[in-house]
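Understanding the architecture of this molecule
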Amino acid sequence: MNTSKLAFQLLPQKFSFINRMLLFVRRPKITVFPHALKLLHEEKSDTITVVTLLKGTQLQIKLLDKVFIQQGLKKRQYLLTSENSLTKENKHLEDISDLKVIDESFFVIGAGLNTHPESFQALNVLERLMTLAISESKTLVFFPLLFLWHRKPDRTSSNKQFKYLRYARRLVLSIGEPIEWSSAKAEDISPSDTASLRRVILREFYRERRIITGDPARSRRKIIATLMKDEELQKSILSSAKTGNVKVLKRKATHYLKEISADYRDLAPRLWMPFVKYFFTHQFNGIEINKGDMARLRHLLRIKRKCVLVPTHRSHIDYVIFSYMCYMNGLIPPLVAAGQNLTFWPMGWIFRHTGAFFIRRTFRGLDIYPTVFKTYLKYLLKYTQPIEVFIEGGRSRTGRYLQPKLGFLSMLLDALHFGVVDELTFIPVAINYDRIIEEDAYIRELSGKPKEKERVQNLLKSWHLLKRKHGYIYISISDPITVKQSETEKVAKPEFKEQIGYDIMYRALTSTTVTTVSVFSLAFLSNAKTQQEYTELKKRFDFLVHYFKSDHCITASNLEEPDAFDSVLQFLEDQELCIRNNSSAGKHPSMISINPQKMLIFEYSKNSILGYLFIEAAKRIASIENQFDSDVYKEIIKNICPWFFPVKPESIFNTPTTGECSVLESYQNQLITSAITPILAAYIIACKGLLERSENRFISQESVKKSIRKSITSIFYYSVFPQCVTEDLIKNIQTGLFRNDVLCRDKDRGQVMVKDLPELWHRLDRYLTVIDPRLTEIQPIHS
């Protein structure tokens, strides 16, 4: 059965000569966002589709008619009501009484929903529509169609013809979420029913306008002047001020606000986005994001008062990519918390005007800076534009997700606790890449070289990177976390804030898109050889693809293709990361090798998807003797979480687990356990080295890191896991040993005591040698 849509037959007004000349002189360009109008194409039974407009002027009607034709809505019979069609007394009420359903057509109600109901017949029209739905036993579906002259947040009105001449190339068309009214709800219609329906429709118009344009623009100078009058900031200045330096502190507070505050303007993204689009088009093969994720994000921004987007942080591109996706999908770009290191010209000016506000890495030694920043943050929370914050603090150099930095998150929850907002909704966003633009810099930093400061010269030096493609960008949005102000007792506690931070990171961890490059990297690095057989590598690749799909992980679209392995192999060969040595006989190349100097690139890609594997890998290692060893399992989790995976061990222990594992072949088992085998092997080697170098059980703090580095960079470990020998591994192992009381600081001696290792480590050592025969060279740990 075809969709039944309503045709509203009214006498059309003559299209004026002025409007025809306007369309002739200035050709319009209407931006229709991807989500708009698609629902009008869907075939549904027992529905009457009603498209609602706020005004429906003659010019809008003509433009909408063109859009409907362009969108393929040709099978229709409709006459749009003009702005004055129903305002002159009851001129056409006799036509309203003759409403009837016509297949393959829809009804557009023109105007009056936003005017006072007593001065207009909008309620009468809605009542007739509701009566018709009851008589036809159908459901009314209202589509609020928002027609905007521009994406500026101001609401000023002016002459329509003048607006058209000015904004003809910036027209925007969007449709809000559909509103259903079932004829089964009532047998009789009262005035309160029609008034209530009108309010619901108007609310959807308001919400749709708000998420596209945001709040009315505010002068940055006025914002700073207003914030300087904040009571809490004034008290902080007075309490910090010494005799006679109140004016100095006020000038400093003003300087801090100028340094921090964003200056978002609609003009900036309009000028900036074409360059961003050109960059992404020429540097990447595409941006892959689930359409359902964008629809869910749109819905959350509509219904939630304040949303905080929390993306993972891999690259400087992260600052731009999500704002770009929001703008292209009809959402106002978020206000992004960026590091102060990005204030260099010209990027600082561009970022500030596209919505970035800047924060220093540390607040130590800054007297009133924390209070100034909290004051600005409270101001941001009072308005509807979403905030984007990277709670990992810095970019991940290893591909693994970092532990959350709780400073910014704590300030947000404190503002919630003190009633600045009623609730906060945190939306974790996982961003993954086939290749990172900064990978060369990451390799230098992981080898121990200092991080280079961001500046224009470095951008110019990296110009050669723009000559190569970097594959795809993958964005996935996880389930939101809503914290309400009513949970006052919880919000104020530090452990609750910590748990929120780890929950956000874990949701991002388990919603990362599994890419072809990351699966290939995991399959290749599970074997220590730099040259491997094609058939054996493809076998491991196919198993991993099947495993991730069966585990309901988010996978890239190209991973679903039958020739995914050959495609990624071709991509890596084009990138000069992989070499195929063709055999003289046979259809496929016999051997595949990778450049040893590029091993860290594959390690980075592999680490991005280990969040799906580390718990299963720990269970399999603890079950290697056909019986689940819960003590060893807990010891493994304690030493890899949260240093290598941002999850609190208690969260995993509180989750019921049987320890049962499916029976797999030895190479399949090794593939899964390879997610954490290098980490555990490094722990054992580091502990062995510390015990051998500390006969009196005490060593200096400087010697701890040197001993761990010397052990990890041993010939054995480097020959088995060469790509894992990084400064990040050494740092995390040292932190884990201290936090798990394997190493203990003696304040009196100023040295570190190496404790006797528990018997669990002996069992873990034995389990590892069974699961991975390459580790048999690790000698047993001696107490």
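Refer to the preceding data block for the structure.
In what follows, the accompanying structure is described. Please read all numbers here as calculations on a predicted model, not as lab measurements.

**What about the overall build of the protein chain?**
- The helix and strand tally for the protein chain stands at 32 helices and 22 strands.
- Across the 783 residues in the protein chain, those meeting the buried criterion constitute 54%.
- As displayed, the protein chain has an accessible area near 36200 Å², and 51% of this comes from carbon and sulfur atoms.

**Here we look at the packing of helix H14 (residues 369-381) against helix H15 (residues 406-417)**
- Packing of H14 against H15 leaves a shortest axis separation of 10 Å and a crossing angle of 60°. Put simply, H14 runs oblique to H15. In this structure, H14 crosses over H15, and the sense of that crossing is right-handed. When H14 is examined against H15, the residues Phe373, Lys374, Leu377, Lys378 and Leu381 are found in contact with a partner set consisting of Phe408, Met411, Leu412 and Ala415.
- Considered class by class, the residues forming the contact of H14 with H15 number 7 nonpolar, no polar and 2 charged.

**Thoughts on the pattern of salt bridges**
- Considering all chains together, one arrives at 31 salt bridges under this definition.
- For Lys235, the salt bridge goes to Glu231, with nearest N and O atoms at 3.5 Å. Taken together, the positions of Lys235 and Glu231, both in helix H8 (residues 231-240) and 4 residues apart, correspond to about one turn of that helix.
- Arg395 serves as the salt-bridge partner of Glu438, at 3.5 Å between the closest nitrogen and oxygen. With Glu438 in the loop between strand S14 (423-433) and helix H16 (439-446) and Arg395 in the loop between strand S13 (387-388) and H15, this residue pair connects regions lying 43 residues apart in the sequence.
- With relative accessibility at 12%, the residue Glu438 sits in the buried group.
- Relative accessible area serves as the criterion here: at 10%, Arg395 is assigned to the buried category.

**Side note on the side chain of Asn558**
- Position of Asn558 among the secondary structure elements: in the loop between helix H21 (534-550) and helix H22 (564-574).
- Classification of Asn558 by relative accessible area gives buried; the value is 17%.
- With residues up to four places along the chain from it excluded, the contact list for Asn558 reads Tyr472, Tyr474, Thr516 and Ala564.

**Some remarks on a positive patch on the surface**
- On the surface, a cluster of positive charge is made up of Arg20, Arg27, Lys29, Lys62, Lys66, Arg169 and Lys277.
- Since its relative accessible area comes to 39%, Lys66 is described here as partly exposed.

**As for a nonpolar patch on the surface**
- On the surface, Phe17, Ile18, Met21, Phe24, Val25 and Leu165 cluster together to form a nonpolar patch covering roughly 660 Å² of accessible area.
- Sort the elements by how many residues they give to the nonpolar patch and helix H1 (residues 17-25) lands first, with 5 residues.
- By the element assignment, Val25 lies in helix H1.
- Taking the relative accessible area as the measure of exposure, Val25 reaches 59% and is therefore exposed.

**Some details on the sheet that holds strand S18 (residues 578-581)**
- Pairing is antiparallel across the open sheet formed by 3 strands, whose spatial order is S17-S19-S18. Each having just a single partner strand, strand S17 (531-533) and S18 make up the two edges of the open sheet. Across the sheet, the mean angle from the axis of one strand to that of its neighbour is 25°, orientation sign disregarded.
- The sheet strands contacting H21 are S17 and strand S19 (591-594), and the helix crosses S17 at an angle near 80°.

Cut-offs applied
- The residue numbering used here restarts from 1 in each chain and proceeds along that chain's sequence as written.
- Per-residue local features are limited, in this predicted model, to residues with pLDDT of at least 70; the limit for side-chain atom pairs, both in listing and counting, is 80 or more; totals at the level of whole chains, interfaces and linings are taken over all residues.
- Excluding hydrogens and water, the side-chain figures rest on all heavy atoms present in the structure.
- Only DSSP runs of H or I covering at least 4 residues are called helices, and only runs of E covering at least 2 are called strands; the numbering of each starts at the N terminus.
- Type-normalised accessible area, obtained with a 1.4 Å probe on protein chains alone, sets the label of each residue: buried when under 20%, exposed when over 50%, and partly exposed for intermediate values.
- Residue exposure ignores everything except the shown protein chains as possible cover, and the areas themselves are Shrake-Rupley values with a 1.4 Å probe.
- Angles here are taken between N-to-C directions and fall from 0 to 180 degrees, while the axes themselves are lines fitted to C-alpha atoms, restricted in helices to the stretch in contact.
- Throughout this description, any angle smaller than 35 degrees is read as roughly parallel, any larger than 145 degrees as roughly antiparallel, any in the 65 to 115 degree range as roughly perpendicular, and the remainder as oblique.
- For any helix crossing, the convention is left-handed if the near helix is rotated counterclockwise from the far helix by under a right angle, and right-handed if that rotation is clockwise.
- Note on definitions: a residue-residue contact is assigned when non-hydrogen atoms from the two residues lie within 4.5 Å.
- Lys, Arg, Asp and Glu make up the charged group, whereas Ala, Val, Leu, Ile, Met, Phe, Trp, Tyr, Cys and Pro make up the nonpolar group; the residues left over, Gly among them, are polar.
- Salt bridge, as used here, is a side-chain nitrogen of Lys or Arg placed within 4 Å of a carboxyl oxygen of Asp or Glu.
- Put simply, a patch holds well-exposed residues, over 30% relative accessible area, that have no salt bridge, with like charges counted together within 9 Å and Val, Leu, Ile, Met, Phe, Trp or Tyr side chains within 5 Å.
- Positive residues here are Lys and Arg, negative ones are Asp and Glu, while His and the chain termini are left out of the count.
- A charged residue contributes its charge at one atom only: NZ of Lys, CZ of Arg, CG of Asp or CD of Glu.
- Two strands qualify as a pair provided that DSSP identifies no fewer than 2 bridges between them.

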